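Architecture and fold: a report
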Amino acid sequence: MDVDTSNIKKWVILYPVYINSKKTIAEGRRISASKACENPTCIEINDCCQHLKLPHAIELDKAYPRDFMQRGRVRVLLKRADGTLYNPAISSRKQLMLHVAELVPRHPNRTKKQEPASTSSAVGPSSKSGKGGKKKR
């Protein structure tokens, strides 16, 4: 796929925060939490764009302004120079985010990590005493 990258500044930018179900709308999430995925990475988003057959470029030196500790973003081109879509199923930034959020959980690097999450529910005596209420002075 030979793509003219001279106008890469006009490509759609996709930060992982946009589709992260762990973030709030105030923190930068752009789609509903039910449709978003848990902690996506730039590499996973990049691979999803490749799967969707969209021209894309990963920028690891960039950071999301509201959360500058999280590095990386992906630039994606949705339309050709003549205005036709690269992928007819994706005509807008919102549709791109929804498709990518749907694909990320099925990413090959993800399937191994999901299992050891529910082992922390140990039943035992709580450290809090049974008495509640205000302390008397």
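Residues numbered from 1 in each chain as written. Predicted model: local features only at pLDDT ≥ 70, side-chain atom pairs only at ≥ 80, totals over all residues. Heavy atoms only, no water.

The name recorded for the protein chain in an unreviewed UniProt entry is Signal recognition particle 19 kDa protein, from Melia azedarach.

Our focus in this paragraph is the nonpolar core. Membership of the largest hydrophobic core comes to 30 residues, with the highest contact counts inside it found for Ile 19, Leu 54, Leu 96 and Val 100. Residue assignment for this core shows that the elements contributing at least two residues are β1 (12-14), α1 (42-51), β3 (67-76) and α2 (93-103). Among the elements that make up this core, the one with the highest residue count is α2 (5 residues). Residue contacts for Val 100: discarding those within four places in its chain leaves Leu 14, Ile 19, Ile 45, Cys 48 and Leu 52. (Core = buried A, V, L, I, M, F, W, Y, C linked by side-chain atoms within 4.5 Å. Buried < 20%, exposed > 50% of the residue type's maximum accessible area, 1.4 Å probe, protein only. Helix = DSSP H or I, 4+ residues; strand = E, 2+ residues; numbered from the N terminus. Contact = heavy atoms within 4.5 Å.)

Attention now goes to α2. By the burial criterion, the buried members of α2 are Leu 96, Met 97, Val 100, Ala 101 and Leu 103. An end-on view of α2 places all buried positions within 160° of arc, on one side of the element. In this structure, the buried side of α2 is in contact with β1, α1 and β3. (Arc of directions from axis to C-beta.)

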